[in-house]
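Descriptive structure summary
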Amino acid sequence: MRRVTYSMGVSLDGYIVGPDGGFDWSGPDEEVFRFWIEDIRGVGVHLMGRRLYETMLYWETAGQDPSLDAPTREWISLWNPLPKVVFSTTLTEVRGNARLASGSVAEEIARLRAEPGEGEIAIGGATLAAEAAAAGLIDEYRAMVHPVLVGGGIPFFPRDERRVDLELVETRTFGAKVVYLRHRMVR
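Computed from a prediction, not measured in an experiment: that's the story for all the values here.

So, how was this worked out
- Residues numbered from 1 in each chain as written.
- Predicted model: local features only at pLDDT ≥ 70, side-chain atom pairs only at ≥ 80, totals over all residues.
- Heavy atoms only, no water.
- Salt bridge = Lys/Arg side-chain N within 4 Å of Asp/Glu carboxyl O.
- Helix = DSSP H or I, 4+ residues; strand = E, 2+ residues; numbered from the N terminus.
- Buried < 20%, exposed > 50% of the residue type's maximum accessible area, 1.4 Å probe, protein only.
- Contact = heavy atoms within 4.5 Å.
- Pairing = 2+ DSSP bridges.
- Axes fitted to C-alpha atoms, helices over the stretch in contact; angles between N-to-C directions.

**Quick look at the pattern of salt bridges**
Taken as a whole, this structure holds 20 salt bridges when the rule is applied. Residue Asp139 is joined to Arg187 by a salt bridge in which the shortest nitrogen-to-oxygen separation is 2.6 Å. Of this pair, Asp139 sits in the loop between helix H6 (126-134) and strand S7 (140-146) while Arg187 sits in the segment after strand S10 (179-185), placing them 48 residues apart in sequence. Judged by its relative accessible area of 63%, Arg187 falls in the exposed class. The network of salt bridges with common partners includes Arg3, Asp39, Glu120, Glu140, Arg142, Glu170, Arg182 and Arg184.

Here it is in structure tokens:
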């Protein structure tokens, strides 16, 4: 069965964006960017909410910039063709290789797991991940922890989360002092 993973950059105090909505502190250096390029290779479909979808729309046209470096072009070549499912109550259409979700997160994950296909079902966005977590659907939590305290904002983990036992399966420290933590849900 295809695994469901939730991964994002997170501040040391547990937020994916600060109180002002900013996440400039999470911009990857070259080493971290290379990690994300390799990570996306294992994804078969990416689920995201409206805010993340709108942020990631940048990549739909970024490839037109002739000054882009090779790693950025590689990311675009992997990201743009990747199937995406967007959950939104306000959007009526999406662009690129994306479609609007027709059901709940749980219904979409069940449908995707039943379909033939390879690669992980990745979730991006804290609100969407909280909904999947409440239904017990996240198999792995992957946090790229940045050395900054932002003091509030949107938390990586839902604040009303029930107890979830996790097993640490991977850690990695990057030169910029960013730490990657990968935990698997204990079932």
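Now that the structure is up, let's keep going.
**Comments concerning the environment of Leu52**
Note on placement: Leu52 falls in helix H2 (residues 50-56). In this structure the C-alpha to C-alpha distance between Leu52 and Gly125, which are 73 residues apart in sequence, comes to 6.2 Å. If we skip the residues at most four places from it in the chain, Leu52 touches His46, Gly124 and Gly125.

**Some details on the sheet that holds strand S9 (residues 166-173)**
Taken in spatial order, the 8 strands make up an open sheet running S5-S4-S3-S6-S1-S7-S10-S9, and their pairing is mixed. Pairing within the sheet leaves two strands with one partner each, and these edge strands are strand S5 (98-100) and S9. On average, adjacent strands in this sheet sit at an angle of 20° to one another, irrespective of strand direction. Summarising the sheet, strand S1 (residues 4-11) and S7 pair through 7 bridges and their orientation is parallel. Its bridge partner being in S7, Thr5 is matched across the sheet by Glu140. In this fold helix H1 (residues 30-40) packs onto S1, strand S3 (43-49), S7, S9 and S10, with an angle of close to 165° to the strand it touches most, S7.

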